[in-house]
Amino acid sequence: MRFSITGLNHRSAPVEVRERLAFSESSIPDALRILRGRPGVMEGMILSTCNRVEIAVSSEDRAGDHAIDDFLVETRHVERDWVRPYLYSFEDRDAIRHLFRVASSLDSMMVGEPQILGQLKAAYAIAKQEGAVNGFMDTLLTRAFNVAKRVRSETDIGASAVSVSYAAVELAREIFGSLKDKKVLIVGAGKMSEAAARHLKRCGATKMFVTNRTEQRAVEMAELFDGKIVEYTKLISFLPEVDIVLTSSAAPHFILTKQDMAKVIGARKNKPMFVIDIAVPRNVEPAVNELDNVFVYDIDDLQRVVENNVEARQVEAADAELIIAEEVERMLSRLKTRDVVPIIVGLQEQLENLRAAEVARMRGKFGTLTHEQEEALEALTRGLMNKIAHVPISELRKQASQPDAPHFINAIRKAFRLE
């Protein structure tokens, strides 16, 4: 039995290549059936995200060596020579380590991001539903999920913000604590402001307002977050009611000046106000930062926060790698022990057959036995066989994870004629 992972990711292939090899969720069930139809392939799973496409399979010996290449050529309609330079492949120990690292987000573009674990679980659920994953890979994947949980609980790899939008939200939480009753105004309706708004809502902000020069886009944005529309021309007059301002307007000039904000903070009676300016060029005049109780962070400020947090995650990743290494060894030991189970079962069956045959042969010499005597005879002979089997079975389990395990297993096979 071999376990392998073949695929490509954001490091091995550009986005145009990843797009050509990607699988839509609806196409995966049919693709799994084609994959399992390949010679030698026993189990399979397809993980397809914007940053990676990976095919994990268990196969009989080396029978599945070319199965993945053939599968990708057939299902993705690509040339073998075109796709090969972008692919990586891991087998057995290395494949298990790679699986654990992917699940734990150590192989992600942004180390520590939580999305990949959910994507891996979704891929597993589809494969399970299609009957493409059972005993062997089921064990590996279930363990991978547990390893990811352990990495999250024993390190701080996912604790710090590593995106500009999320860093902005974390800073807001530092200033205000709970965001539950804070009013948020989103100025502009671009992708970055939408991402930051999502984080704000997820972190408890419920009073959301949107303003934009183009009203239709403001309406669309407001619908995403159950927000309310503020007329763009009434932006300054509305600001005293707002605790957090997120600006991402395409305006070529400052839309919030020091003079305007001085009036706003006066109207708020110096209650703190947090301004997140993620526009380029900036929407907020830098001099606003000179005002008391107005906290302004622009894109460069947030990027510095992100860079510091990325460095912190790399430190945590080193600790996570140690956990991965430990878990890989534990998994390999468990799998090797599992490999000797058929030998143990065969040995027990062999000894039971010998016992039953001898009891049957001698029963005629005993004459009629009472029920109690029958039970005593069974208990005596089974006890003897269990004592005989105890040492070889214990040694099989003990030696299973040792380098010379195959030699010991063969010796037991021959000694008890299990071949």
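Residues numbered from 1 in each chain as written. Predicted model: local features only at pLDDT ≥ 70, side-chain atom pairs only at ≥ 80, totals over all residues. Heavy atoms only, no water.

Trainee: Hey, could you go over the overall build of the protein chain for me, with residue numbers and the actual values?
Mentor: Of the regular secondary structure elements, the protein chain holds 16 helices and 10 strands. Its C-alpha radius of gyration of 32 Å places the protein chain more than 25% over the 22 Å reference for a compact globule of 419 residues. The burial tally for the protein chain puts 45% of its 419 residues in the buried class. Intrachain contacts of the protein chain at a sequence separation of at least 6 include 72% that bridge at least 24 residues. For the protein chain, the accessible area works out to roughly 21700 Å², and carbon and sulfur atoms hold 52% of it. Within the protein chain, the 61 negative side-chain charges are centred at a point lying 3 Å from the centre of the 57 positive side-chain charges. (Helix = DSSP H or I, 4+ residues; strand = E, 2+ residues; numbered from the N terminus. Rg over C-alpha atoms; globule rule 2.2 N^0.38 Å. Buried < 20%, exposed > 50% of the residue type's maximum accessible area, 1.4 Å probe, protein only. Contact = heavy atoms within 4.5 Å. Areas by Shrake-Rupley, 256 points an atom, 1.4 Å probe, with all protein chains shown as cover. Lys, Arg positive; Asp, Glu negative; His and termini not counted. Charge placed at Lys NZ, Arg CZ, Asp CG, Glu CD.)

Trainee: Can you tell me about the side chain of serine 4, naming the residues and giving the values?
Mentor: With respect to the secondary-structure elements, serine 4 resides in strand 1 (residues 2–9). For serine 4, a relative accessible area of 9% corresponds to the buried category. Apart from the residues within four sequence positions on either side, serine 4 is in contact with Ile55, Ala56, Val57, Phe90, Glu91 and Ala95.

Trainee: Can you break down the sheet that holds strand 1 residue by residue, with the values?
Mentor: With antiparallel pairing, 4 strands are arranged side by side in an open sheet as 2-3-1-4. Sheet topology places strand 2 (41–48) and strand 4 (88–91) at the edges, where each strand pairs with a single neighbour. Neighbour-to-neighbour, the strand axes of the sheet open up by a mean angle of 15°, direction not taken into account. Both strand 1 and strand 4 contribute to a ladder of 4 bridges, which runs antiparallel. Its bridge partner being in strand 4, isoleucine 5 is matched across the sheet by phenylalanine 90. Packed onto the sheet, helix 2 (residues 28–36) meets strand 2 and strand 3 (52–59) and runs at close to 150° relative to strand 2. Packing of helix 6 (residues 115–129) onto the sheet brings it into contact with strand 2 and strand 3, and relative to strand 2 it is tilted by some 140°. (Pairing = 2+ DSSP bridges. Axes fitted to C-alpha atoms, helices over the stretch in contact; angles between N-to-C directions.)

Trainee: Lay out unusual backbone geometry with the relevant residues and their values.
Mentor: Residue valine 280 is joined to proline 281 through a cis peptide bond whose omega torsion reads 0°. You can see proline 281 is positioned in the loop between strand 9 (273–277) and strand 10 (294–298). Even without being a glycine, serine 105 presents a positive backbone phi close to 65°. Residue position: serine 105 is located in the loop between helix 5 (92–103) and helix 6. Note on serine 105: relative accessible area 0%, which makes it buried.

Trainee: Pulling in residues and values, what's your account of the packing of aromatic side chains?
Mentor: Summed over the entire model, instances satisfying the criterion amount to 7 aromatic pairs. Across the ring face of tryptophan 82, the terminal group of arginine 20 is positioned such that the distance to the ring centre comes to 4.5 Å. Here arginine 76 stacks its cationic end above the ring of phenylalanine 23, 3.8 Å away from the centre of that ring. (Phe/Tyr/Trp six-rings, centres within 6.5 Å; stacked < 30°, edge-to-face > 60°. Lys NZ or Arg CZ within 6 Å of the ring centre and 35° of its normal.)

Trainee: Go over the environment of glutamate 194 with me, naming the residues and quoting the values.
Mentor: Looking at the secondary structure, you find glutamate 194 in helix 9 (residues 191–202). The class for glutamate 194 is buried, based on a relative accessible area of 11%. In contact with glutamate 194, not counting residues within four places along its chain, are Arg217, Met221, Leu224 and Phe225.

Trainee: Give me the packing of helix 6 against helix 7 (residues 135–154): which residues, what numbers.
Mentor: Remark: helix 6 packs on helix 7, axes separated minimally by 11 Å, with the N-to-C direction vectors making an angle of 160°. When the axes of helix 6 and helix 7 are compared, the pair comes out roughly antiparallel. The two elements helix 6 and helix 7 meet at a crossing, and its hand is left-handed. Every residue of helix 7 that contacts helix 6 at Leu117, Leu120, Lys121, Tyr124 and Lys128 is listed here: Asp138, Leu141, Thr142, Phe145 and Ala148. Partitioning the contact of helix 6 with helix 7 into residue classes produces 6 nonpolar, 1 polar and 3 charged. (Parallel < 35°, antiparallel > 145°, perpendicular 65-115°, else oblique. Left-handed = near helix turned anticlockwise from the far one by under 90°. Nonpolar A, V, L, I, M, F, W, Y, C, P; charged D, E, K, R; others polar.)

Trainee: Report on the pairing of strand 6 (residues 207–211), specifying residues and quantitative values.
Mentor: Counting buried residues along strand 6, 4 of its 5 residues qualify, which places the element largely inside the surrounding structure. Sheet topology places strand 5 (residues 183–187) next to strand 6; 5 bridges connect them, and they run parallel. Looking at strand 6, one finds that valine 187 is bridged to threonine 211. Between strand 5 and its parallel partner strand 6, the chain crosses via helix 9, and the hand of that crossover is right-handed. Here 2 bridges tie strand 6 to strand 7 (residues 228–229), and the two strands are oriented parallel to one another. Looking across to strand 7, one finds that valine 210 is bridged to isoleucine 229. Handedness of the crossover joining strand 6 and strand 7 through helix 10 (residues 215–224) is recorded here as right-handed. (Right-handed = clockwise from strand over helix to strand, strands pointing away.)

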